[in-house]
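# Notes for the structure review
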Amino acid sequence: MPVSVDSAVSADCTVSAGRSVCAPLPVLGRDVRVPLVTGGEVDYAALDYAASAPALQRVWDDVAAYAPYYGSVHRGAGYLSQLSTDLFENSRRTIAGFLGCRPDGDAGDQVVFTRSTTDSLNLLAAALPQDTEVFVFETEHHASLLPWERRADTVVTYLDAPRTPRQAVDILAAALAGREPAAGTEPGTGRPAGPALVCVTGASNVTGELWPVRELAAVAHAHGARIVLDAAQLAPHHPIDIRDLDVDWVAFSGHKLYAPFGAGVLAGRADWLQGAEPYLAGGGASRTVARRTDGGVEVDWHTTAARHEAGSPNVIGAYSIAAACQALTEAGFDELVAREQRLIARVRAGLATVPEVRVLSLFGDDAPRVGVLSFVVEGWNSSHFAAALSAEYGIGVRDGLFCAHPLVRTLLGSESDEPGECGAPEAVPGEKSLNAIRVSFGAGTPDEHIERFVRAVRELVVDGARWNYRTEGGRCVPDPSA
């Protein structure tokens, strides 16, 4: 039956302007044509990978091959149910290998399937031991910034944005060193404080900059804390090894890893997850349920990953992530990273020739990064600029604050997007309207898309938009009456 994930990986080449342009991994949508307001059509340039990467053709083909055999997971004696259960659990093992998970056992790791990175981190937040202290930088995506305060017994310390990787390590070390001792313990006795968790991104969804994860993990563990890695932006671009980075958990989403169908992963230490109440109560999380003599029910919950996977599992979502993991591994991260670095250099060099463009950065121009860059353009509202890229050049980027509002506000300072108010976002009371443009790309991006983007930025700044735009539903859109 054709449901394996061992199909061939090959470069995707098309012809543009009379020459071949290649991307290492073919993606869906590479042949989609979109209309331009100025007339004609063009191949769509998807440069918003940081929001949702296009699905790998390999993933789509593998899922299509399995689809006729789709069945319930862990719930049936029939052939298709048994096959789907095997596929689901094999997907779990493939992902564990992709992440370098520690072996099973008391100190081993579990791979729990969720809906997304956001869902994974909310699951971990719900599983924290009582009175856990959480330390999180203000630079995090909202998915890793917001879940921790939802429990009254959790204390959250928000750390200021660092300006160098070394400063990030120092800020964390100082914060952890100042932790209160355990309840009932005299200060200065050397007794450890209660549970603590550090949450940090692997690569910023705003600047693309890589964070010093291994160093932060060492500091966390030296002070008796654990650490969770938000790898949503890191996993599609770089190999991740839990043991090498020495992190306790990793969270990421399939839809950023070229795998659609609404699945995510939380992988890591099993003990806090086993000790917590199930994330959702229902079938699959429970081993046995019986009536009590007092009229209630007695539940024996699973201690495996199933404890937090109540309901019918998303087998297609899990399988799509496993297929993407294997495709990236077979393509070779060394080659993927090297090519992406060339694309990053091309974008940065091109933007540097336009004085009106300012690229946003925490750690400086020389900081290592993935294919994610955000910028502002003097004299332009970012929503207006992004709308013109789409309508006049067929280029899809993102504008806004990228679900990382504190970070973008820190990077923009008092700069506003007032010129060209088309689509300008509402400002926080007392603040100016702030907005930026983000371009992001990866293994499925042809060279031509990068070249078109750089050319479009320069032409819009020098020549201006060729169309009129208006605000509609909070977005800047072409004015059909122009």
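Preceding block: the structure.
Being a predicted model, the structure only gives us computed values, none of them experimental.

### Thoughts on the sheet that holds strand β9 (residues 196-201)
With mixed pairing, the 7 strands of this open sheet are ordered in space as β6-β12-β11-β10-β9-β7-β8. Two strands lie at the open edges of the sheet, namely β6 (109-114) and β8 (155-159), each paired on one side alone. Strand-to-strand, the axes of this sheet are offset by a mean angle of 15°, without reference to chain direction. The pairing of β6 with strand β12 (residues 264-269) spans 6 bridges and is antiparallel. Note on β12: the bridge partner recorded for Gln 110 is Gly 268. Lying on the sheet, helix α3 (residues 117-127) is in contact with β6, β9, β10 (226-230), β11 (249-253) and β12; it crosses β11 at an angle near 150°.

### A closer look at helix α12 (residues 405-412)
The complete set of buried residues in α12 reads Leu 407, Val 408, Leu 411 and Leu 412. The arc that holds the buried residues of α12, viewed along the axis, is 125°, so those residues lie on one side. For α12, the secondary structure elements touched by its buried residues are β15 (357-359) and β16 (372-377). Immediately downstream of α12, the backbone of Gly 413 shows phi near 60°, a positive value.

### Let's talk about unusual backbone geometry
One non-glycine residue, Phe 261, lies in the positive phi region at around 85°. By the secondary structure assignment, Phe 261 is in the loop between β11 and β12. The phi dihedral of Cys 403 is positive, around 55°, even though this residue is not glycine. Assignment of secondary structure puts Cys 403 in the loop between β18 (398-400) and α12. Its relative accessible area of 31% is what places Cys 403 among the partly exposed residues.

### Let's talk about the sheet that holds strand β19 (residues 436-440)
Pairing in this open sheet of 4 strands is antiparallel, and the strands run β15-β16-β19-β18 from one edge to the other. Of all strands in the sheet, those bounded by a partner on one side alone are β15 and β18. Across the sheet, the axes of successive neighbouring strands diverge by a mean angle of 30°, strand direction being ignored. With 4 bridges joining them, β16 and β19 adopt antiparallel strand pairing. Looking at the pairing, Val 372 lines up with Ser 440 of β19.

### So, empty space enclosed by the protein
Taken as a whole, this structure holds 2 cavities of 30 Å³ or more when the rule is applied. Each pocket or cavity is described by its volume, and for the largest cavity that value is around 70 Å³. Lining the largest cavity are Pro 24, Pro 236, His 237, Tyr 258, Leu 336, Val 337, Arg 339, Glu 340, Leu 343, Gly 442 and Ala 443. Classifying every residue of the lining of the largest cavity by side-chain character gives 7 nonpolar, 2 polar and 2 charged. Taken as a whole, the second largest cavity spans an internal volume of roughly 40 Å³. The wall of the second largest cavity is formed by Tyr 49, Ala 50, Ala 53, Ala 232, Gln 233, Pro 236, His 237, Lys 256 and Tyr 258. Taken together, the residues of the lining of the second largest cavity sort by class into 6 nonpolar, 2 polar and 1 charged.

### Some details on the pairing of β9
For β9, a buried count of 6 out of 6 residues is recorded, marking the element as mostly surrounded by other parts of the structure. Direction of pairing for β9 relative to β10: parallel, over a ladder of 5 bridges. Residue pairing in the sheet places Cys 199 in a bridge with Val 228 of β10. Each parallel crossover has a hand, and the one from β9 via helix α6 (residues 213-222) to β10 is right-handed.

### Notes on the packing of helix α1 (residues 57-66) against helix α9 (residues 315-331)
In a pair of packed helices, the angle between the axes and the distance between the axes together describe the arrangement. Across the interface, α1 lies against α9 with an axial gap of 9 Å and an inter-helix angle of 140°. One element, α1, and the other, α9, form an angle in the oblique class. In this structure, α1 meets α9 at a crossing whose hand is right-handed. Listed contacts from α9 to Arg 58, Val 59, Asp 62, Val 63 and Tyr 66 of α1 are Val 315, Ile 316, Tyr 319, Ser 320, Ala 323, Ala 324, Gln 326, Ala 327 and Glu 330. Across the contact of α1 with α9, the residue classes tally to 9 nonpolar, 2 polar and 3 charged.

### A short note on the packing of helix α2 (residues 79-99) against α9
Relative to each other, α2 and α9 sit at 40°, their axes nearing to 8 Å. Between α2 and α9, the crossing angle belongs to the class labelled oblique. The way α2 lies across α9 gives a crossing that is left-handed. Counted together, Ser 84, Leu 87, Phe 88, Ser 91, Thr 94, Ile 95 and Phe 98 of α2 and Val 315, Ala 318, Tyr 319, Ile 321, Ala 322, Cys 325, Gln 326 and Thr 329 of α9 form the full contact between these two elements.

### Here's the deal with the packing of aromatic side chains
Counted under the stated rule, the structure contains 12 aromatic pairs. A centroid spacing of 5.0 Å and a plane angle of 50° characterise the contact between Phe 88 and Phe 113, whose relative ring orientation is tilted. Residue Phe 88 is located in helix α2, and its partner Phe 113 is located in strand β6; the two are separated by 25 residues in the primary sequence. Residue Phe 88 is classed as buried on the basis of its relative accessible area, which comes to 1%. The class of Phe 113 is buried, set by a relative accessible area of 9%.

### Regarding the side chain of Lys 256
By secondary structure assignment, the location of Lys 256 is in the loop between β11 and β12. Summary of buried charges: Lys 256 has no salt-bridge partner, and the nearest side chain of opposite charge, Asp 48, is 7.8 Å away. A polar side-chain atom of Lys 256 sits 2.7 Å from the main-chain carbonyl oxygen of Ala 50. Every residue in contact with Lys 256, bar those within four places of it in the chain, is listed here: Ala 50, Ala 51, Ala 53, Ala 232, Gln 233 and Pro 236.

### Here's the deal with the pattern of salt bridges
Applying the stated criterion to the full structure yields 25 salt bridges. Of the charged contacts, one joins Asp 48 and Arg 438 as a salt bridge, the two residues approaching to 3.5 Å between their closest N and O atoms. One end of the pair, Asp 48, is in the loop between β5 (45-46) and α1; the other, Arg 438, is in strand β19, with 390 residues separating them in the sequence. For Arg 339, the salt bridge identified is with Asp 447, shortest N-O distance 2.8 Å. With a gap of 108 residues between them, Arg 339 in helix α10 (residues 333-352) and Asp 447 in helix α13 (residues 447-463) connect regions that are remote in the sequence. In this structure Asp 447 comes out as partly exposed when scored by relative accessible area, which is 29%.

The rules we used
Residues numbered from 1 in each chain as written. Predicted model: local features only at pLDDT ≥ 70, side-chain atom pairs only at ≥ 80, totals over all residues. Heavy atoms only, no water. Pairing = 2+ DSSP bridges. Helix = DSSP H or I, 4+ residues; strand = E, 2+ residues; numbered from the N terminus. Axes fitted to C-alpha atoms, helices over the stretch in contact; angles between N-to-C directions. Contact = heavy atoms within 4.5 Å. Buried < 20%, exposed > 50% of the residue type's maximum accessible area, 1.4 Å probe, protein only. Arc of directions from axis to C-beta. 1 Å grid on protein atoms, 1.4 Å probe; cavity = no way out; pocket = protein on both sides within 12 Å on 5 of 7 lines; lining within 4 Å. Points joined across faces, edges and corners; volume = space filled by probe spheres on them. Nonpolar A, V, L, I, M, F, W, Y, C, P; charged D, E, K, R; others polar. Right-handed = clockwise from strand over helix to strand, strands pointing away. Parallel < 35°, antiparallel > 145°, perpendicular 65-115°, else oblique. Left-handed = near helix turned anticlockwise from the far one by under 90°. Phe/Tyr/Trp six-rings, centres within 6.5 Å; stacked < 30°, edge-to-face > 60°. Lys, Arg positive; Asp, Glu negative; His and termini not counted. Salt bridge = Lys/Arg side-chain N within 4 Å of Asp/Glu carboxyl O. Polar contact = N/O pair within 3.5 Å; in protein donor to acceptor, adjacent residues only side chain to side chain.

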